[in-house]
Structures are given as C-alpha cells and as structure tokens.
Amino acid sequence: MAAVALAGVTAGCKEQPAAGASAAPSVPAGSSSPADDAKPGGGSASPSASAEPESKEPKEPAKASPKPSATRTTPPADPQGEVLMASGSQGGQVRELQARLRQIGHFDRSPTGYYGTVTVAAVQSFQGKRGLPRTGRTDTVTWQKLLGMTHEPTATELNPPTTRPVAKPDKRCLTGRVLCISKNSRTLSWMVDGKVVSSMDVRFGSQYTPTREGTFSVYWKSRHHVSSIYHTAMPYAMFFSGGQAVHYSSDFAARGYNGASHGCVNVRDEGKIAALFAQVRNGDKVVVYQ
C-alpha cells in the first residue's frame, strides 16, 4: 500500500520569494537646528562739523565700553522625557509595550519584540488619542500613561501561540484527529475531538502554485525529507495531497511572510512541528479552508 502511495509522489515545495516585497521604510533621525541669531548692525557716529570750544578743565579719557560676554544657550528639556524605545529597538520591553497596546486596541497582532513600522504607528495612535505629541517613540510620559491604563501582560499575552489570532475552526475540524489549517488567519491548529491541542503560524503557496483546499488525510510521513524536484530540505514532512505537505521551513523562519512555498504548508516553529510530527498518524484528517 505504501509503495503505491509513494509512487505517485513527486514531492517538492521549495520556497520562493514573494513578488513586490518592499523593505520597511526607515525612520528619519534628528531634527534641524535653529537658525543663528542675527547680529545687530551698527556703526560709529560721525563727528560734528563744528569744533567744540576748548574747556579749561581737562577732559577724562573716554572709557571703552565692556565687551558683551559670550552666553551659552541650554536647549530646553524635552517635555516628553527620556526616550525609552524607538524604531529598531527590540527585546522584552518592546514585547511588553506591544502586549499593553494590544490590550486597549492599538496593536492588532501578537507581540514580536521588534519595534518596527507597525509598532511606530500603534504608538502614534495611542499618543494621538491621549493628546500627546505623535512622535511614534515611546518616551517616559507615553510609557507611564500606558502603564496606568493597562495591566501587566500575562505569559500568554506576551508569547501567544501564533502571530495572528487563531481562526474559528471549520466544522469539519470538530470531530476526530485533524490538522485544521486556515488560510485567512494563516494558522494551523492540531485538534483532537474538537479541542485545540496546539497552534502554530503557517504560510502557503503563491498565486502560481496555490495550496489546495479541501479535506484530505495524511498518507506519508518523512522526518528528513528532501524535495525530489527542488532538492531542498523539507523536515517533518506530512504529505496530504500529491506532493503537498505540512513541513518545517527554515526560509519561513528566517524571512517570515516575505516569501511563499510551491504549494506546501510551511511551519516556522521547529519545536512545535517536531512535537506535532510525533503525534500525527497516517490517516489523520487534514482540512485546508479559507
């Protein structure tokens, strides 16, 4: 039986770059300095045409007017305080910032820990709603205002299972053992008897090599698979439709959604797909839907 199934498989889902991908715009740094003050003009008065009569009293010599001392202007303190995070920052505090912004509807995805253009826009939105300068940078005033309006993020809020919210399962996923895969949310949920066991981010084929939709079943698992077409690694491959499989993708892990597969369902979290591969059996259902 296995020999018959394998004979029909010319497996391969090499990743390909997405067309028209553009780099995130850079944020300008610094501000223009004020123009130099204009120097006051002036000249010496011309002597009078008529000569002043001599005085019997000796005149005191004219005293030179003192030169103005040089003054150093101190720039005013930033009313917004110290900048704590800005474009390009990354780490745990950025993740907390994103989680807190998400609590009050200013950040529409899961925390990433990287302060990019989406985070800049989210901070600007928050600042604008609170009457603060829309700098997009998280300064001490913005941060304190945000702390006062939100609660400390939970572990799940800081590190949710997927980048985007998991979609409501298709009704075909509610019975049995199912790989429930949503194209709209770009998530895969491993479900057993209607309960979600684990979830993970996925990406799909391009418009020229789309991932098939429908109900399938896993018919072959290959832990160390290499594509026979593109000669690229497809670890933890679980084939469900011809040469299309769910598998780990190092390209997806590195580039995210700035690329696509040749029809396979790519997973970027190697730990999660390794655990999934160990649980899935041949014959388990696969549902791919919008």
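Residues numbered from 1 in each chain as written. Predicted model: local features only at pLDDT ≥ 70, side-chain atom pairs only at ≥ 80, totals over all residues. Heavy atoms only, no water.

Focus: the nonpolar core
Most often, soluble globular proteins have nonpolar side chains that are buried together. Here is the rule: Grouping buried Ala, Val, Leu, Ile, Met, Phe, Trp, Tyr and Cys residues that are joined through side-chain atoms within 4.5 Å yields what is termed a nonpolar core. Think of it in three bands: with a 1.4 Å probe and only protein chains considered, a residue is buried below 20% of the maximum accessible area for its type, exposed above 50%, and partly exposed in between.
The biggest cluster of nonpolar side chains holds 22 residues, and the ones touching the most others in it are Leu179, Ile181, Leu188, Met238, Val246, Leu276 and Val286. Membership of the second largest hydrophobic core comes to 12 residues, among which are Leu97, Val120, Ala122 and Trp143.

Notes on the packing of helix 3 (residues 117-129) against helix 4 (residues 140-149)
Filter applied, for reference: Geometry is summarised by axes, namely lines fitted to C-alpha atoms with helices restricted to the contacting stretch, and by angles between N-to-C directions that run from 0 to 180 degrees. Numbered from the N terminus, helices here are DSSP runs of H or I no shorter than four residues, and strands are runs of E no shorter than two. Orientation is classified from the angle alone, with under 35 degrees giving roughly parallel, over 145 giving roughly antiparallel, 65 to 115 giving roughly perpendicular, and any other angle giving oblique. Whether two residues are in contact is decided by their heavy atoms: any pair within 4.5 Å suffices. Under the convention adopted here, Pro, Cys and the residues Ala, Val, Leu, Ile, Met, Phe, Trp and Tyr are nonpolar, Asp, Glu, Lys and Arg are charged, and Gly plus all remaining residues are polar.
In the contact formed by helix 3 and helix 4, the axes pass within 11 Å of each other and the chain directions differ by 80°. With respect to helix 4, the element helix 3 is oriented roughly perpendicular. From helix 3, Val123, Phe126 and Gln127 reach across to helix 4, where they touch Thr142, Lys145, Leu146 and Met149. Counted by class, the contact of helix 3 with helix 4 contains four nonpolar, two polar and one charged residues.

Topic: the sheet that holds strand 12 (residues 265-267)
To summarise the sheet geometry, strands pair through backbone hydrogen bonds and adopt either a parallel or an antiparallel arrangement. Let me state the cut-off plainly: The pairing criterion is simple: DSSP has to find at least two bridges between the two strands.
If you walk across this open sheet you meet the nine strands as 7-13-4-5-6-12-10-9-8, and the pairing is mixed. Only two strands of the sheet have a single partner each, and these edge strands are strand 7 (214-217) and strand 8 (220-226). Within this sheet the neighbouring strands show an average axis-to-axis angle of 30°, counted without direction. Where strand 4 (residues 177-182) lies against strand 5 (residues 187-192), six bridges are found, and the strand directions are antiparallel. Looking at strand 5, one finds that arginine 177 is bridged to valine 192. Contacting strand 4, strand 5, strand 6 (195-203), strand 8, strand 9 (233-241), strand 10 (244-248) and strand 12, helix 7 (residues 270-279) crosses the sheet at an angle of about 50° to strand 9.

A closer look at the packing of aromatic side chains
Our working definition: Paired rings are identified among Phe, Tyr and Trp, the last through its six-membered ring, by centres lying within 6.5 Å, and are further divided according to the angle between planes into stacked (under 30 degrees), edge-to-face (over 60) and tilted (the rest). Distance and angle both matter: a charge sits over a ring if NZ of Lys or CZ of Arg is within 6 Å of the ring centre and within 35 degrees of the ring normal.
What the rule picks out here adds up to five aromatic pairs. A ring pair is formed by phenylalanine 216 and phenylalanine 240, whose centres lie 5.4 Å apart and whose planes are at 50°; its orientation type is tilted. Note that phenylalanine 216 is positioned in strand 7 and phenylalanine 240 in strand 9, a separation of 24 residues in sequence. For the pair shown, phenylalanine 216 and phenylalanine 240 are each scored as buried. Grouping aromatic residues by their ring pairs yields a cluster made of Tyr219, Trp220 and Phe239. The ring of phenylalanine 204 is capped by lysine 183, whose NZ or CZ atom sits 6.0 Å from the centre of that ring. One residue, lysine 221, lies across the ring of phenylalanine 277, its end atom 4.4 Å from the ring centre.

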